[in-house]
Amino acid sequence: MRARGSSRFGACDDRLREPQAPGLRPVIRFLDRWRRILGTGASFALFGASPLVLGLLVHPVLALTLPRERRELRMQKLVHRSFQGFCSFMRWVGVVEVHVEGWEQLPCDGGVLLVANHPTLLDYVLLVALLPQADCVVKRAHWSNPFTAGVVRGAGYIPNDGGEATVEACAARLRAGRTLLLFPEGTRSPLGGLGPFERGAAHVALAAGVAAIPVAIRCEPRGLMRGQPWYDVPESRMRFTLALGPPIAADGLPGGRARAARALTARYRAYFEARSRRGHGAVGCDEQ
């Protein structure tokens, strides 16, 4: 991983040089905007093709040749590689720029619980592109979707059925020394702030006895927000910062698991709110 100012997907400071003639500047901006609209459309087309290839062609082969755990880890590695390529393509067509902060502090072994805010549609993609192995909780509907069923089954992702079974499945992955990625908001953040935090991530941390490592995601200018169509691109490329923070401990909490989960969830939310106020790796996509 690289420090702030560098990109996991390559340097990306290729702003157009505007000519001195003021009359040409609107034309340049117009052409640049359409370049990014077309680039975003092409990116989504590529993204849609990836699960079809992995699910329909790769998953059956892995299912026949590898035991379950090795198959899951192999598929997660392939998803990671495909998302790396997808992010590189988005950078190449001028849609995004990605910077990372603090990723050298990410533990290399042992169960790692990552919790992140969720400002845009790309957050999961960007994070998995940085993680060769990552277990995720996804909607149950993906198991019956022909475009995604092969990938989520092959990668061993955890269905979001709710309740103790989901918590225990997540905790078991952490006890096995795997990395688990969770979004406490459950869906994309509203414009300019955080959505309500669900307690599932806190219950998982308490059940597994691990500290959560927060990832604060910042996007400037805003784009691909909840309810925003993909073709509504901002005035310039989206610049993401993914900042890894210090672990948030799950100890020193009030007695009783329900009370402890509420208190721990409040810790998570307070961390992301503080990052937002400071403006470093902040939540939301409309701040400068």
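This is a predicted model, so every value here is computed, not measured. (Residues numbered from 1 in each chain as written. Predicted model: local features only at pLDDT ≥ 70, side-chain atom pairs only at ≥ 80, totals over all residues. Heavy atoms only, no water.)

**Q** Residues and numbers for the side chain of His-118, please.
**A** Residue position: His-118 is located in the loop between strand E2 (112-116) and helix H3 (123-128). On the accessibility criterion, His-118 (12% relative accessible area) is buried. Here the side chain of His-118 touches Asp-123 through a polar contact of 2.7 Å, side chain to side chain. (Helix = DSSP H or I, 4+ residues; strand = E, 2+ residues; numbered from the N terminus. Buried < 20%, exposed > 50% of the residue type's maximum accessible area, 1.4 Å probe, protein only. Polar contact = N/O pair within 3.5 Å; in protein donor to acceptor, adjacent residues only side chain to side chain.)

**Q** Give me the lowdown on the confidence of the model for the protein chain, citing residues and values where you can.
**A** Chain-level pLDDT for the protein chain is 85 on average; 88% of the residues reach the 70-or-more range. Counting interchain partners and residues more than four positions distant, the pLDDT-below-50 stretch residues 1-19 has 41 contacts. Of the regions scoring below 50 in pLDDT, residues 280-288 engages in 40 contacts with residues more than four places distant in sequence or in other chains. (pLDDT = per-residue confidence, 0-100. Contact = heavy atoms within 4.5 Å.)

**Q** Give me the pairing of strand E6 (residues 212-220): which residues, what numbers.
**A** The buried fraction of E6 is high, at 9 of 9 residues. Going residue by residue along E6, you find Ala-212, Pro-214, Ala-216, Arg-218 and Glu-220 tucked away on one face and Ile-213, Val-215, Ile-217 and Cys-219 tucked away on the opposite face as well. Of the pairings in the sheet, the one linking E2 to E6 comprises 4 bridges and is parallel in character. Its bridge partner lying in E6, Leu-113 is registered against Ala-212. Two elements, E6 and strand E7 (residues 238-244), share 6 bridges in a ladder whose sense is antiparallel. The residue of E7 that forms the bridge with Ala-216 is Ala-243. (Pairing = 2+ DSSP bridges.)

**Q** Describe the pattern of salt bridges, and please don't skip the residues or the numbers.
**A** With the rule as written, the count across this model stands at 14 salt bridges. Between Asp-32 and Arg-35 there is a salt bridge whose closest N-O contact spans 2.7 Å. Of this pair, Asp-32 and Arg-35 both sit in helix H1 (residues 25-65), 3 residues apart, roughly one helical turn. The exposure class assigned to Arg-35 is partly exposed, which follows from its relative accessible area of 33%. (Salt bridge = Lys/Arg side-chain N within 4 Å of Asp/Glu carboxyl O.)

**Q** Describe the environment of Ala-258, naming the residues involved and giving the relevant values.
**A** On the secondary structure map, Ala-258 appears in helix H7 (residues 257-278). Residue Ala-258 is classed as partly exposed on the basis of its relative accessible area of 44%. Each C-alpha atom, one on Ala-258 and one on Ala-202, is 9.7 Å from the other, the two residues being 56 residues apart in sequence.

**Q** Can you break down a nonpolar patch on the surface residue by residue, with the values?
**A** A cluster of nonpolar side chains, contributed by Leu-24, Val-27, Phe-30, Leu-31, Trp-34 and Leu-38, occupies part of the molecular surface with about 620 Å² of accessible area. Here Leu-31 shows up in helix H1. According to the relative accessible area criterion, Leu-31 is exposed, its value standing at 52%. (Patch = residues over 30% accessible without salt bridge, like charges linked within 9 Å, V, L, I, M, F, W, Y side chains within 5 Å. Areas by Shrake-Rupley, 256 points an atom, 1.4 Å probe, with all protein chains shown as cover.)

**Q** I'd like to hear about the nonpolar core, residue by residue, with values.
**A** Among the nonpolar cores identified, the biggest contains 46 residues, and Trp-103, Leu-114, Leu-122, Leu-127, Val-215, Phe-240 and Leu-242 are the most heavily contacted of them. When residues of this core are assigned to their parent elements, the largest contribution, 6 residues, is made by helix H2 (residues 68-92). The residues contacting Phe-240, other than those within four sequence positions of it, are Val-96, Glu-97, Val-98, His-99, Thr-120, Leu-122, Asp-123, Leu-126, Ile-217, Arg-218 and Cys-219. The next biggest cluster of nonpolar side chains, apart from the first, holds 27 residues, and it includes Val-167, Ala-202, Val-210 and Leu-264. (Core = buried A, V, L, I, M, F, W, Y, C linked by side-chain atoms within 4.5 Å.)

**Q** How would you explain helix H6 (residues 200-208) if you had to name every residue and give the values?
**A** For H6, the set of buried residues is Ala-201, Ala-202, Val-204, Ala-205 and Ala-208. In a view along the axis of H6, the buried residues occupy a sector of 160°, so they form one face of it. (Arc of directions from axis to C-beta.)

**Q** Can you tell me about the packing of helix H5 (residues 163-175) against H6, naming the residues and giving the values?
**A** Running from N to C, H5 and H6 point in directions that differ by 50°, and their axes come no closer than 9 Å. Taken together, the axis directions place H5 and H6 in an arrangement best described as oblique. Considering how the two elements wind past one another, H5 and H6 form a crossing that is right-handed. Contacts between H5 and H6 involve Val-167, Cys-170, Ala-171, Leu-174 and Arg-175 from the first element and His-203, Val-204, Ala-207 and Ala-208 from the second. Within the contact of H5 with H6, the residues separate by chemical class into 7 nonpolar, 1 polar and 1 charged. (Axes fitted to C-alpha atoms, helices over the stretch in contact; angles between N-to-C directions. Parallel < 35°, antiparallel > 145°, perpendicular 65-115°, else oblique. Left-handed = near helix turned anticlockwise from the far one by under 90°. Nonpolar A, V, L, I, M, F, W, Y, C, P; charged D, E, K, R; others polar.)

**Q** Got a sec to walk through the layout of surface pockets? Specific residues and values, please.
**A** Of the volumes computed, that of the largest pocket is approximately 1,300 Å³. Elements represented by at least two residues in the lining of the largest pocket include exactly H1, H2, H3, strand E3 (135-138), helix H4 (149-155), H5, strand E5 (179-182) and H6. When the residues that make up the lining of the largest pocket are grouped by side-chain class, the tally is 26 nonpolar, 13 polar and 4 charged. (1 Å grid on protein atoms, 1.4 Å probe; cavity = no way out; pocket = protein on both sides within 12 Å on 5 of 7 lines; lining within 4 Å. Points joined across faces, edges and corners; volume = space filled by probe spheres on them.)

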